[in-house]
Amino acid sequence: MAAQIVQELTRDEAVIRSELVAVRNHAVTLDLTTGPHTFATTSRIEFSAAEGASTFVDFLGEAVLSIDLNGVALDPADHFDGSRVSLPDLAVNNVVLIAAVGRYMNTGEGVHRFVDPADGETYLYTQFEVADSRRAFPVFEQPDLKAAFEFTITAPAQWQVLSNEPTPEPSVHDADTGSATWTFSPTPPISSYLAAFAAAPYEVVRDEVSTRAGVIPLAVLCRRSLREHLDADNIFDITKRGFAFLEDMFDREFPFTKYDQLFAPEYNMGAMENVGLVTIAEMYVFRSAVPQSLVERRALTVLHELAHMWFGDLVTMRWWDDLWLNESFAEWASTTAQAEATRWDTAWTTFSLAEKTSAYIADQLSSTHPIASDARNWSDVENNFDHITYAKGASVLKQLVAYVGREPFVAGLRAYFARHAWGNTTLADLLRELETTSGRDLSVWSQLWLQTAGVGTMRPTLDIQDGVITSATIRQSAPADHPTLRPHRMGVGCYELREGVLRRTSYVELDVDGPTTAVAELVGVARPDLVLLNDDDLAYTKIRLDDVSLATVLTRPVALQESLPRALVTAALWDMTRDAEMSAADFIDFMLTVLTIEVDSTAIKVALEQIGVGLTMYLAPERRDAVQARVADGFRDLMGRAAPGSDAQLQYTRAFAKVAVEPADVARISALLDGSDPLEGLAIDTDMRWVLLTALSSNGEVDAQRIEQEVRRDATATGAERAAGALAARPTPQAKLEAWASAFDGDTLANQTLVAVATGFTQVHDRELLAPFVERFHDGVLAMWQSRTFAVASGLATRMYPLALADRELSDATTIWLRDNTDAPDGLRRIMAGHRDKVDRALRAQGNDSGRQ
């Protein structure tokens, strides 16, 4: 075989290939019994082409053994370069048979292989987005070359074997080897990244749902060792609610034959919308008490992947430029379903707190990009698979719904599905249907919102005479590097303070466009205590408060009782802190007070995260110790005041453990762990034990032997990951060096173990422990990137950067790296530029905080 050259498919090549080739059927034969490192894989592809033309099939594996094109044998030495199988002199109708050897992965890409330390069982599953179906079998790897996939899989006879179609009875049994062979029915035309299979001794729980298409079988699966923790009834309940809601909204039946949801070990993402075989991260199988925010997030994930069965699977993007639309639509549809069909009726508040906040942060980095980004190749797609794609895209799609109206939007969706079922589309196809149903010209809207980057800011300007508003204006501004002013559909709420509570007394909804927009409806209204722009959170924009409104909320942190307006106000204050307009210490003190009344689980989670970032990054160095002591006191107090066994108690205990550094606080953590001073209602379960033990480790209170003792108590994959993180958290130069060597320099750890090590590595109370790794990181990050897959490399480049230092030396080192590595891969340069941006923002915030002592 020739030396391996891993080539990327470009968009231009994909256009040429799709004009040349039409795929009818793709039969995949797999033998998963051949060994622990590789598997046998064969593709038989029937396709038409222009006579006499040439093309190629994608494959990334151990070897290609044979190639037969229309009965003619082609030498793999001449026709396989390591990532492409070249096919010359094509006929009008063609059949190619390619026999190959695939490699199992431990990176969460391609065919992932996991051995459960709890019982020694092997588990296999696939993850193909963006371009990793080529790791499993030779394939035309692009979304608009849909095919009917037909899987034949040989595996141990006692395993569950699954694919996109219902699992048949095994057709072949081999008593000598203990294996069996399953032959699945062909799928409808689907893209290769949506094809999937899994094989292992998974535990399965079955159910069914009545739909417009008839009764659809349902299944939920997980590893044997997790079965006792699998609350399948809850998953089925959310799934059935989603089926009813989405079929009704889309006015179209579920398009496939069954719906399995498999909880997969060592999974990189939240979930993946494989046709009929959704894979979901195992973090959603709760083996211990978890915050309700995570339970709510699991429900959203279930609904998100179900929405993809229509938008993404039935109708699929032509090329990856429109990946954002797939994900944004699923976010909008799933959040709508969650708010209207489940007990989480405040799902849009959660969206504002979690999704929009992350979008605003990403959109203010130099690495931001338009929602509809230019995906020239697979690397561009991977680089843009981020908070802009998901969170900003979904925020803008929500605004589009408000802009055209809910009913016209849904009517446009229905027309879109009817016209393009089983096909491939572009954004223009959807906008055409929405323009027809709404009567709105969306060409300018699309250009301004989807083809430009950055986030604007809205400020109210009020003229007051004798306590009455005489003029009201919304002023829109944009950053100099992204100066676009965009049209918004926006609500404006007026709140009066009554008996210590801010209550909304009036609400105006209007179109805001250009640098200034008058709000005529407010003229003649008595000056409210709070004027809240973007009330109801329709628009995608940062907001500021006028002076009176700002004074109202700062002096009365607990006056806003409703979750959404409180979330909007706290988001505005967080923006001000990040933009060096508000002291980090003042923000932290404000949020500690807000938390005394907060009951929303996601709001608590986000507030704790923001306090943590403020404490680590935005405080003036000379104030950190004093403010950290206040934070620890606050968390300990909140932990003690929370209702026994409550979500709040759980979250505050975890947060307290992270910031505990004073001897009395560390002793409190130790007493919780050993049971000598319990907290009423707090379950010291398996996961809480690791939280507490890792906190003690980061304070130097436990050694490797104690951590090993704990992992023997929790002899599971999760236990091994937690132990790796606890070891990396030890506050010694040697422990940090060992963590660095195993994760950044080594190449044997599985993906989720790498995450655990990186998390423990950066968990420090003494920042100087990270100082020696500034040079190590910048000297080694390019070589690391070039030797790992994208998922692993991007994770390490992101997580092991010593961000907690947040000082001028770190910023300068990264600036020099960017200057000296102009030819480094775009994905790595974007991560590095983002790091520098975060450090520089932190330095500005620290300067502002220092000036407000």
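None of these values were measured; they are calculated from a predicted model. (Residues numbered from 1 in each chain as written. Predicted model: local features only at pLDDT ≥ 70, side-chain atom pairs only at ≥ 80, totals over all residues. Heavy atoms only, no water.)

Participant: Would you mind showing me how to read the overall build of the protein here?
Facilitator: Along the protein, the regular secondary structure elements total 27 helices and 29 strands. On C-alpha atoms alone, the protein measures out to a radius of gyration of 28 Å, which is about the 29 Å that the 2.2 N^0.38 rule sets for 853 residues. With respect to the three principal axes, the spread of C-alpha positions in the protein is 90 × 70 × 55 Å. Residue burial in the protein is summarised as follows: out of 853 residues, 60% are buried. Sequence-distant contacts in the protein: of pairs separated by 6 or more residues, those separated by 24 or more amount to 72%. Here the protein displays about 31300 Å² of accessible surface, and carbon together with sulfur accounts for 49% of that area. On the protein, the mean spot of the 75 positive side-chain charges and the mean spot of the 120 negative ones are 4 Å from each other. (Helix = DSSP H or I, 4+ residues; strand = E, 2+ residues; numbered from the N terminus. Rg over C-alpha atoms; globule rule 2.2 N^0.38 Å. Buried < 20%, exposed > 50% of the residue type's maximum accessible area, 1.4 Å probe, protein only. Contact = heavy atoms within 4.5 Å. Areas by Shrake-Rupley, 256 points an atom, 1.4 Å probe, with all protein chains shown as cover. Lys, Arg positive; Asp, Glu negative; His and termini not counted. Charge placed at Lys NZ, Arg CZ, Asp CG, Glu CD.)

Participant: I would appreciate a short explanation of the sheet that holds strand 23 (residues 457–465) in the present structure.
Facilitator: Strand-to-strand pairing in sheets goes through backbone hydrogen bonds, with the strands running parallel or antiparallel. In space, the 4 strands of this open sheet follow the order 27-24-23-29, with mixed pairing throughout. Looking at which strands have only one partner, the edges of the open sheet turn out to be strand 27 (516–518) and strand 29 (542–543). Of the strand pairs in this sheet, strand 24 (residues 468–477) and strand 27 are connected by 3 bridges, and their pairing is antiparallel. Note on strand 27: the bridge partner recorded for Ile474 is Thr517. (Pairing = 2+ DSSP bridges.)

Participant: I keep staring at the packing of aromatic side chains and nothing clicks. Help me out?
Facilitator: For any pair of aromatic rings, the description rests on two quantities: the centre-to-centre distance and the angle between the ring planes. A complete count under the given rule lists 40 aromatic pairs for this structure. For the pair Phe254 and Phe256, a centre-to-centre distance of 6.0 Å together with 80 degrees between the ring planes defines the contact as edge-to-face. Given the relative accessible area of 2%, Phe254 is considered buried. Each ring, one from Phe311 and one from Phe329, has its centre 4.1 Å from the other, and the planes form 20 degrees; the classification is stacked. With Phe311 in the loop between helix 4 (292–308) and strand 21 (316–317) and Phe329 in helix 5 (residues 323–341), the pair connects residues that are 18 residues apart, well separated along the chain. Lying over the aromatic face of Phe56, Arg84 brings its terminal NZ or CZ to 4.1 Å of the ring centre. Residue placement shows Arg486 over the ring face of Trp449; its charged tip is 5.2 Å from the ring centre. (Phe/Tyr/Trp six-rings, centres within 6.5 Å; stacked < 30°, edge-to-face > 60°. Lys NZ or Arg CZ within 6 Å of the ring centre and 35° of its normal.)

Participant: I tried to follow the pattern of salt bridges on my own but got confused; where do I start?
Facilitator: Any two side chains of opposite charge can pair, on the condition that their charged atoms come close. For the structure shown, the criterion picks out 51 salt bridges. Among the salt bridges present, the one from Asp535 reaches Arg504, with a minimum N-O distance of 3.0 Å. On the criterion of sequence distance, the pair formed by Asp535 in the loop between strand 28 (530–533) and strand 29 and Arg504 in strand 26 (residues 501–512) is long-range, its members being 31 residues apart. Close ionic contact of Lys605 with Glu609 constitutes a salt bridge, the shortest N to O distance being 2.9 Å. Taken together, the positions of Lys605 and Glu609, both in helix 15 (residues 601–618) and 4 residues apart, correspond to about one turn of that helix. Take Lys605: its relative accessible area is 35%, and that puts it in the partly exposed class. Residue class for Glu609 comes out partly exposed when judged on its relative accessible area of 42%. Through salt bridges that share partners, Lys542, Arg544, Asp579, Glu581 and Arg841 make up one connected network. (Salt bridge = Lys/Arg side-chain N within 4 Å of Asp/Glu carboxyl O.)

Participant: It is not clear to me how empty space enclosed by the protein should be interpreted in this structure. Could you clarify?
Facilitator: Over the atoms, a rolled probe matching the size of one water molecule traces out where space is still vacant. Scanning the entire structure with this criterion turns up 8 cavities of 30 Å³ or more. Put simply, the largest cavity is a space of about 140 Å³. Leu353, Ala567, Thr570, Met591 and Ala603 are the residues nearest the centre of the largest cavity, which is lined by 17 residues in total. Of all the secondary structure elements, the ones that give two or more residues to the lining of the largest cavity are helix 6 (347–363), helix 13 (563–578), helix 14 (584–594) and helix 15. Residue composition of the lining of the largest cavity, by class: 9 nonpolar, 5 polar and 3 charged. (1 Å grid on protein atoms, 1.4 Å probe; cavity = no way out; pocket = protein on both sides within 12 Å on 5 of 7 lines; lining within 4 Å. Points joined across faces, edges and corners; volume = space filled by probe spheres on them. Nonpolar A, V, L, I, M, F, W, Y, C, P; charged D, E, K, R; others polar.)

Participant: Any chance you could explain the packing of helix 14 against helix 15 here in plain terms?
Facilitator: When two helices pack together, their arrangement is captured by the angle between the axes and the distance separating the axes. Put simply, helix 14 and helix 15 touch, their axes get as near as 10 Å, and they point 155 degrees apart. Between helix 14 and helix 15, the angle is such that the two are roughly antiparallel. Crossing hand, helix 14 versus helix 15: left-handed. Residues Ala584, Phe587, Ile588, Met591 and Leu592 of helix 14 touch helix 15, and the partners they reach there are Ala607, Gln610, Ile611, Gly614, Leu615 and Tyr618. Looking at the contact of helix 14 with helix 15 residue by residue, the class counts come to 9 nonpolar, 2 polar and no charged. (Axes fitted to C-alpha atoms, helices over the stretch in contact; angles between N-to-C directions. Parallel < 35°, antiparallel > 145°, perpendicular 65-115°, else oblique. Left-handed = near helix turned anticlockwise from the far one by under 90°.)

Participant: Any chance you could explain the pairing of strand 25 (residues 488–498) here in plain terms?
Facilitator: Bridging between strand 25 and strand 26 involves 11 bridges; their strand directions are antiparallel. Note that in strand 26 the partner of His488 across the bridge is Val512. Two successive antiparallel strands, strand 25 and strand 26, enclose a turn made up of 2 residues, where Glu499 displays a positive phi of approximately 50 degrees. One ladder, built from 4 bridges, connects strand 25 with strand 28; its direction is antiparallel. Directly across from Gly493, in strand 28, lies its bridge partner Leu532.

Participant: Can you walk me through the sheet that holds strand 26 in this structure?
Facilitator: Reading across the sheet, the 3 strands line up as 26-25-28 and stay open at both edges, with antiparallel pairing between neighbours. The open sheet has two edge strands, strand 26 and strand 28, and neither has a second partner. Across this sheet, the average inter-strand angle for adjacent strands is 20 degrees, counted without regard to direction.

Participant: Whenever I open this one, helix 14 confuses me. Can you help?
Facilitator: For an α-helix, the turn length of 3.6 residues means that residues three or four places apart are oriented alike. Counted residue by residue, helix 14 has 8 buried out of 11 residues, so it is predominantly covered. Burial in helix 14 covers these residues: Ala584, Ala585, Phe587, Ile588, Phe590, Met591, Leu592 and Val594. Elements that come into contact with the buried residues of helix 14 comprise helix 12 (547–555), helix 13, helix 15, helix 16 (624–641) and helix 27 (826–850). The N-capping residue of helix 14, defined by a side-chain oxygen 3.2 Å from the backbone nitrogen of Ala585, is Ser583. (Polar contact = N/O pair within 3.5 Å; in protein donor to acceptor, adjacent residues only side chain to side chain.)

Participant: I tried to follow unusual backbone geometry on my own but got confused; where do I start?
Facilitator: Most peptide bonds adopt trans geometry, and most residues besides glycine take a negative phi value. Here the amide bond leading from Glu129 into Val130 is cis, since omega sits at 10 degrees, within 30 degrees of zero. Secondary-structure assignment places Val130 in the loop between strand 9 (122–127) and strand 10 (147–156). Phi angles above zero are rare outside glycine, and Asp537 is one such case at about 60 degrees. Here Asp537 is to be found in the loop between strand 28 and strand 29. Here the phi dihedral of Ala580 falls at roughly 60 degrees; this positive angle occurs in a residue that is not glycine.

Participant: How should I be thinking about the packing of helix 24 (residues 773–787) against helix 27 in this particular structure?
Facilitator: For the pair helix 24 and helix 27, interaxial distance at closest approach is 10 Å and the crossing angle is 150 degrees. The angle between helix 24 and helix 27 places the two elements in the roughly antiparallel class. Crossing geometry of helix 24 relative to helix 27 is assigned as right-handed. Note on element contacts: helix 27 touches helix 24 through Gly827, Leu828, Ile831 and Met832, opposite Phe777, His778, Val781, Leu782 and Trp785. Split by residue class, the contact of helix 24 with helix 27 holds 7 nonpolar, 2 polar and no charged.

Participant: What's the story with helix 22 (residues 733–745) in this structure? I'm lost.
Facilitator: Ala735, Lys736, Ala739, Trp740, Ala743 and Phe744 are the residues of helix 22 that are buried. Seen along its axis, helix 22 keeps its buried residues to an arc of 135 degrees; they face one direction. On its buried face, helix 22 sits against helix 21 (717–729), helix 23 (751–761), helix 24 and helix 25 (790–799). (Arc of directions from axis to C-beta.)

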